[in-house]
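# Descriptive analysis of the structure
Take a look at the letters that make up each chain.
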Protein chains: 14
Amino acid sequence: MGPEALQFFIMSVTAAGFGIAIAAVGCGIAQGMGLKAAVEGIARNPESSGKVTVAMLIGLAMIESLAIYTLVIGLILIYANPAGETVTKLISGCPQRL
Amino acid sequence: MGPEALQFFIMSVTAAGFGIAIAAVGCGIAQGMGLKAAVEGIARNPESSGKVTVAMLIGLAMIESLAIYTLVIGLILIYANPAGETVTKLISGCPQRL
Amino acid sequence: MGPEALQFFIMSVTAAGFGIAIAAVGCGIAQGMGLKAAVEGIARNPESSGKVTVAMLIGLAMIESLAIYTLVIGLILIYANPAGETVTKLISGCPQRL
Amino acid sequence: MGPEALQFFIMSVTAAGFGIAIAAVGCGIAQGMGLKAAVEGIARNPESSGKVTVAMLIGLAMIESLAIYTLVIGLILIYANPAGETVTKLISGCPQRL
Amino acid sequence: MGPEALQFFIMSVTAAGFGIAIAAVGCGIAQGMGLKAAVEGIARNPESSGKVTVAMLIGLAMIESLAIYTLVIGLILIYANPAGETVTKLISGCPQRL
Amino acid sequence: MGPEALQFFIMSVTAAGFGIAIAAVGCGIAQGMGLKAAVEGIARNPESSGKVTVAMLIGLAMIESLAIYTLVIGLILIYANPAGETVTKLISGCPQRL
Amino acid sequence: MGPEALQFFIMSVTAAGFGIAIAAVGCGIAQGMGLKAAVEGIARNPESSGKVTVAMLIGLAMIESLAIYTLVIGLILIYANPAGETVTKLISGCPQRL
Amino acid sequence: MGPEALQFFIMSVTAAGFGIAIAAVGCGIAQGMGLKAAVEGIARNPESSGKVTVAMLIGLAMIESLAIYTLVIGLILIYANPAGETVTKLISGCPQRL
Amino acid sequence: MGPEALQFFIMSVTAAGFGIAIAAVGCGIAQGMGLKAAVEGIARNPESSGKVTVAMLIGLAMIESLAIYTLVIGLILIYANPAGETVTKLISGCPQRL
Amino acid sequence: MGPEALQFFIMSVTAAGFGIAIAAVGCGIAQGMGLKAAVEGIARNPESSGKVTVAMLIGLAMIESLAIYTLVIGLILIYANPAGETVTKLISGCPQRL
Amino acid sequence: MGPEALQFFIMSVTAAGFGIAIAAVGCGIAQGMGLKAAVEGIARNPESSGKVTVAMLIGLAMIESLAIYTLVIGLILIYANPAGETVTKLISGCPQRL
Amino acid sequence: MGPEALQFFIMSVTAAGFGIAIAAVGCGIAQGMGLKAAVEGIARNPESSGKVTVAMLIGLAMIESLAIYTLVIGLILIYANPAGETVTKLISGCPQRL
Amino acid sequence: MGPEALQFFIMSVTAAGFGIAIAAVGCGIAQGMGLKAAVEGIARNPESSGKVTVAMLIGLAMIESLAIYTLVIGLILIYANPAGETVTKLISGCPQRL
Amino acid sequence: MGPEALQFFIMSVTAAGFGIAIAAVGCGIAQGMGLKAAVEGIARNPESSGKVTVAMLIGLAMIESLAIYTLVIGLILIYANPAGETVTKLISGCPQRL
């Protein structure tokens, strides 16, 4: 395995680890904004608690989906990258070039 | 496969992994803004709950579409990049140049 | 194909993947601002729901168009770059220089 | 074609892909600001809907023009760069220097 | 073990250590926003304390999940990276190339 | 043409492509601020629509002029750079130094 | 121990030291936001002091947990990194390659 | 012409292209702030339209002057740089050192 | 001691010195926010002075704990790094390789 | 003229071109703030138009002076740099070292 | 003393000098926030002057402690770094390797 | 004159050109803040025009002094740098080492 | 004196010069915040002038202390660095290695 | 004088030129904040003009002192750096090593 072949796995790890972290920042703040508004609303008007909670959950779920997309891409990069197999074969088939 | 050929797959992985993460930040905050306004509105005026939810879903869907665009580009880069095939052939057809 | 020729496809991938992501951030936040105002407006004045939704959709469509421009440029870079053909010919016509 | 000649096309691709993305961020946020104000205005004063929509469209069109400028420069860089032809001739006329 | 093979573990460590830190920033601020709103609401309207606390906990849990995703990715990178095993075998099987 | 001579055209392309994009961000946001104020004003006071539109157009035109300056500089760099001719002559007159 | 093997411990130290610092920034500001709201609430409505303090402590604890995650990852990187043992053996078993 | 001599023209191009773009951002936003205030003022108090427009134009002109300074420096760098002539002579007088 | 072995102590010093500084920024601002709210509250409602001071001290202590974590990690890196001993032995046992 | 001697003129050009651009950003925004306040003031209180305009002009002139300082430094760097003459003599007196 | 050994002292100096500066920024702004609130409070309610001053001093002292931590670490790095002694011995004991 | 000696003049030019530009940004915005407040004050209370103008001029002068400090340092670096003379002598006294 | 030994003094200079500048930014803005509040308070309630001035001076002095810490560290680095003496001896004792 | 010795003067120049510029930004904005508050206060309450001016001058002087510290450090670096003398002797005493 040449140095560059290993570089492929290194970058996959980097993209997976930092990508989900960056997405967590944005989606976290977004959920925090929704949560803030929902909590303020319930505190002002406790009777609207049911409707507010439903709307909040719909919104949080859609924001969560964005983080899930990033998580899926990250897991694909770690566990199931199609290009990764090509590179792996190159590693096992050419041991003398380690 | 020369070092530069592998660089192509490395950069595809990087662009896919970080791209969706960056998009998640922006779209997440955008959905958070919409969600915040919707939840505040429902808490103030529970009777408008139906109309507000409909408008919110239209907006969230359009924002979600932006993240989907990025996701699609990312998946194309990982699974179906036309230039990737050209590079792959170069790998399999020239094994002696690994 | 020399190392620099491959660099062309690498940069196309990078520009396409990150470009749409950057555009998604800006357009997403922009749509979030419009959505926020629309939802607040409907919650305050449910009777204006029709007119507000129409104006919101016009604005969201124009913002979406900016992301579409970026998407189109990205797809051109991946699938239909005129300079890419020139470089590809150089690859196939000079296999002995891989 | 020497490595530097190819660098010209690489940078054109980069400038086109990232340029339109950066412009989309700024113009998108700008249109979002205008859209936000228009939607808020219509929701408060539905009778002013016609005049507000006209003013909004004038403004959105002028902001859109800025993104169009960037798009035009980007397409010129990809399809019709005068310096590009000079470089292309150098490529075809000097194949022995690939 | 060649220098590049070790680089794989180094980048895993970096991505795990900085990734969770970056996620902690975003999710922390997000939880702070929700907490702020909840505490303000309880102080203004102590009777709504129960409902507000429930909504706050739902939101904090969803934001916490984003940090958990990042933590899981980080632990996978440290303890159970599938590509890591491939690289480890290369280390033990080729001791003469240390 | 030596590598550095080509570097001249590369940097011209970069400056033109990114320059107009950066200008579009600033001028776009500026026009968005003006548009926002104008639309809000018309919605509040529809009778002032004529005067507001005139003032808005004057301001948008002056902001547009800044983007035009950048566009003009960018087109000069691509099509009519006086130093470019000097460099071009060096390319054609010294083909043996390509 | 080759230079790259030591690089592993260096990066662990860096990730541990800076990671907890970055997390402290985010979680600190988050706790500051919660604390601010709680203190303001108590000052306005001293009777709600008990409920506000309980809610504040729940929130601070959840935010603290994010910093604890980072601290744990940091301590794992310093004291109990599984990959670290592999590298350590390489150090002791191959003293002649120091 | 040695590589460094050409570097002079390259940097002139860069400074001219990016300089006017950076100035456009700042001056554009500044004009946007003035325009926003003027338009808001006219909408609130249409009778003051004349005086407001005069003050706005004075201010916009002074802000425009800052962009003009940058434009002038940029054009000097492209067309009339005194050091440029010195460098140009070096190019034409020493063709054998291209 | 090879150059890379010393690099370990250098990075420890850097992480300790900058880490506590970065943490001080975040925790300082956080404490400032809490302090600001507490002081404002006491000034408005001097009777709540006792309860406000208690809540403020609880919050400041929890924020201070984050800085303490960073300080502890920093001191561990300087005085008691387990990997540091391994590296130190390498220094004393191999003086001929200084 | 050695490569480093030319570097002197290159850096002068860079400092002049970017310096005035950076100054234009700051001074432009500053003038925009003053202009905004003046226009708002005139719109609210048209009778104070004269005094406001005088104060505004004094302020704009002092802010303009800051941009003029930068412009003067930039022109000195291009046209009248005392160190530049020393370097120029070195160029003309030592043609054989071009 | 090899170049890398000196590098240790250089980085200690850098971390000490910049670390205290960075901490001063954060703690300074934090104290400024507390001071601002205290001064505003005293101006509004001069009778609360005593209690406000006490609370302010408690807060300022805790924020000051964060800067003190950084100062202590900085002084340790300059005057009493345990690893520094190891490196110093290496310098004095091996003068022939200066 | 060796390459490094010239580097001294290059860095002086850079520090002078960018330094005054950076100072202009900060001092310009500062003067803009003062100007804004003064103009708003005069517009609201034209009778206070004299006292406000005096206070404004005192403040603007003190802010201007900061820019003057930077300008003086910049001019010293260009025209009267004591170290510059030392370096200049080295240039004239050792022409054979150009 | 080897190149790295001089590097020690260079970094001391850099840390001292930039460190006090960075600290001045933070402490300056902090003092500005305190000053702003004090001046506003005195203008609203001139009778509280004495108490406000006392509190302001206490706060400004504590913020000033942070800048003094940085100044002291900077002066130590320039005039009285203990490691500096070690390095200086190395310079004077080993002139033949200049 | 070796290249590194000159590097010492270059970095002194850089630190002096940029340091005072950075300090001017922070102190300028700080003075602008104080000035803004003072001018607003005088405009609202002209009778408090004397007390406000005194407090403002105290604050501006303390902020100015921060810039003076930076200026003093900068001038020390240019004119009276103790380490500079050591380096200068090395220059004059060892002319044969220029």
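The rules behind these values
By convention here, each chain's residues receive numbers from 1 onward along its written sequence. Ligands are numbered from 1 and chains lettered from A, in the order in which they are written. Only residues with pLDDT of at least 70 get local features here, since the model is predicted, and only at 80 or more are side-chain atom pairs given and counted; chain-wide, interface and lining totals rely on the full set of residues. To obtain the side-chain values, all non-hydrogen atoms of the structure were included, while hydrogens and water were left out. Secondary structure counts use DSSP, requiring at least four H or I residues in a row for a helix and at least two E residues in a row for a strand, with both numbered from the N terminus. With a 1.4 Å probe rolled over the protein chains alone, any residue whose accessible area is under 20% of its type maximum counts as buried; one over 50% counts as exposed, and the rest are partly exposed. Should any heavy atoms of two residues lie within 4.5 Å, those residues are considered in contact. The method behind every accessible area is Shrake-Rupley, applied with a 1.4 Å probe, and residues are considered shielded solely by the protein chains displayed. Take a side-chain nitrogen of Lys or Arg and a carboxyl oxygen of Asp or Glu: if they are within 4 Å of each other, that pair is a salt bridge. Residues are grouped as follows: Ala, Val, Leu, Ile, Met, Phe, Trp, Tyr, Cys and Pro are nonpolar; Asp, Glu, Lys and Arg are charged; all remaining types, including Gly, are polar. Here the copies were fitted onto each other by least squares, based on C-alpha atoms from residues at pLDDT of at least 70 in both. Stacked, tilted and edge-to-face are the three classes applied to pairs of Phe, Tyr and Trp rings, where Trp contributes its six-membered ring and a pair requires centres within 6.5 Å; stacked means planes under 30 degrees apart, edge-to-face means over 60, and tilted covers the rest. Fitted lines through C-alpha atoms give the axes, limited to the stretch in contact for helices. The angle between two N-to-C directions lies from 0 to 180 degrees. Orientation categories follow fixed angle ranges, with anything under 35 degrees roughly parallel, anything over 145 roughly antiparallel, 65 to 115 roughly perpendicular, and all other angles oblique. Any cysteine sulfur atom paired with another within 2.5 Å is treated as part of a disulfide. Accessible area, probed at 1.4 Å, shrinks when two parts are joined; the buried area is that loss added up over both. Counting rule for charge: Lys and Arg are taken as positive, Asp and Glu as negative, and neither His nor the chain ends is counted. The term polar contact refers here to a pair of N or O atoms within 3.5 Å; inside protein, the definition further demands a hydrogen-donor-capable atom paired with an acceptor-capable atom, and it admits residues adjacent in sequence only when both atoms are side-chain atoms. What pLDDT conveys is the predictor's confidence in a given residue, as a value from 0 to 100.

### Points about the overall build of chain A
- Per the secondary structure count, chain A includes three helices and zero strands.
- In chain A, the succession of helices and strands from N to C terminus is α-α-α.
- Classification of the 98 residues of chain A by burial places 64% in the buried group.
- The contacts of chain A with a sequence gap of at least 6 include a subset with a gap of at least 24, amounting to 82%.
- When the accessible surface of chain A is summed, it comes to about 3200 Å², and 66% of that surface belongs to carbon and sulfur atoms.

### Description of the interface of chain F and chain D
- Across the boundary between the two partners, chain F contributes 41 residues, which contact 48 residues of chain D.
- In this structure, the connection of chain F to chain D is made through zero salt bridges.
- Of the residues belonging to the side of chain F that touches chain D, the class tally is 31 nonpolar, six polar and four charged.

### Focus on the relation of the copies chain N and chain M
- Once chain N is rotated about the relating axis by 26° and shifted along it by 0.0 Å, it coincides with chain M to within an RMSD of 0.0 Å.
- Looking at chain N, a mere 17% of its interface residues are interface residues in chain M too, so the copies touch through different faces.

### Description of the packing of aromatic side chains
Residue and element names in this part refer to chain C.
- All chains considered together, the criterion is met by 14 aromatic pairs over all chains.
- Summarising the aromatic geometry, the rings of Phe8 and Phe9 are spaced 5.7 Å apart at their centres and angled 80° between planes, so their arrangement reads as edge-to-face.
- Residue classification places Phe8 among the buried positions, given a relative accessible area of 1%.
- Classification of Phe9 by relative accessible area gives buried; the value is 14%.

### Details of the packing of helix α2 (residues 49–79) of chain A against helix α2 (residues 49–79) of chain E
- Here α2 of chain A crosses α2 of chain E at 0°, and the two axes come no closer than 11 Å. As judged from the angle between their axes, α2 of chain A and α2 of chain E are roughly parallel. Facing Ser49, Met56, Leu57, Leu60, Glu64, Ala67, Ile68, Leu71, Leu75, Ile78 and Tyr79 of chain A of α2 of chain A, the residues of α2 of chain E in contact are Lys51, Ala55, Ile58, Gly59, Met62, Ser65, Leu66, Tyr69, Ile73, Ile76 and Leu77 of chain E.
- Here the residues of the contact of α2 of chain A with α2 of chain E are counted per class, giving 17 nonpolar, three polar and two charged.

### Concerning the relation of the copies chain F and chain D
- Placing chain F over chain D gives an RMSD of 0.0 Å and needs a rotation angle of 26°, together with 0.0 Å of translation along the axis.
- Little of the interface of chain F is mirrored in chain D, where only 20% of its interface residues again form contacts.

### Focus: the state of the cysteines
- Taken as a whole, this structure holds zero disulfides over all chains when the rule is applied.
- Residue Cys27 of chain F stays outside any disulfide, its sulfur separated by 9.0 Å from that of Cys27 of chain D, the closest cysteine.
- Its relative accessible area of 0% is what places Cys27 of chain F among the buried residues.

### Digging into the interface of chain N and chain M
- Listed as interface residues are 48 residues of chain N and, on the opposing side, 41 residues of chain M.
- Summed over both partners, the interface of chain N with chain M buries about 3900 Å², with 82% contributed by carbon and sulfur atoms.
- If you look at where chain N meets chain M, you find zero salt bridges.
- Among the secondary structure elements, those contributing two or more residues to the side of chain N that touches chain M are α1 (3–44), α2 (49–79) and α3 (82–93) of chain N.
- Broken down by element, the residue count for the side of chain N that touches chain M peaks at 22 residues, all from α1 of chain N.
- The class makeup of the residues in the side of chain N that touches chain M is 30 nonpolar, 13 polar and five charged.

### Notes on the environment of Ala67 of chain D
- Looking at where Ala67 of chain D falls in the secondary structure, it is placed in helix α2 (residues 49–79).
- The sequence separation of Ala67 of chain D and Val52 of chain D amounts to 15 residues, and the corresponding C-alpha distance is 23 Å.

### Observations regarding the environment of Ala38 of chain E
- Relative to the helices and strands, Ala38 of chain E is located in helix α1 (residues 3–44).
- What makes Ala38 of chain E buried here is its relative accessible area of 0%.
- Each C-alpha atom, one on Ala38 of chain E and one on Leu71 of chain E, is 26 Å from the other, the two residues being 33 residues apart in sequence.
- With sequence-adjacent residues up to four places away left out, Ala38 of chain E is seen in contact with Val39 of chain A together with Val52 and Met56 of chain E.

### Side note on the side chain of Glu64 of chain E
- Mapped onto the secondary structure, Glu64 of chain E falls in helix α2.
- Buried charge Glu64 of chain E goes without a salt bridge, the closest partner of opposite sign being Lys36 of chain A at 19 Å.
- Of note is the side chain of Glu64 of chain E, whose polar atom sits 2.8 Å from the side chain of Ser65 of chain G.
- Leaving out residues up to four positions away in the same chain, Glu64 of chain E has contacts with Gln31 of chain E together with Met62, Ser65, Leu66 and Tyr69 of chain G.

### Comments concerning the environment of Asn45 of chain A
- Residue placement: Asn45 of chain A occurs in the loop between α1 (3–44) and α2.
- On the basis of relative accessible area, Asn45 of chain A is assigned to the buried category, the value being 18%.
- In contact with Asn45 of chain A, other than residues within four places in its own chain, are Ala43 and Pro46 of chain B.
- In terms of polar contacts, Asn45 of chain A uses its side chain to reach the backbone carbonyl oxygen of Ala43 of chain B, at 2.8 Å.

### Looking at the confidence of the model for chain A
All names here are of chain A.
- On average, residues of chain A score 83 in pLDDT, and 79% of them are at 70 or above.
- Confidence, expressed as mean pLDDT per element, reaches its minimum in chain A at helix α3 (residues 82–93) with 63 and its maximum at α2 with 92.
- When the criterion is pLDDT under 50, residues 94–98 qualifies, and its contacts beyond four places in sequence or with other chains add up to nine contacts.
- Our summary of model confidence lists the complex with pTM equal to 0.86 and ipTM equal to 0.81.

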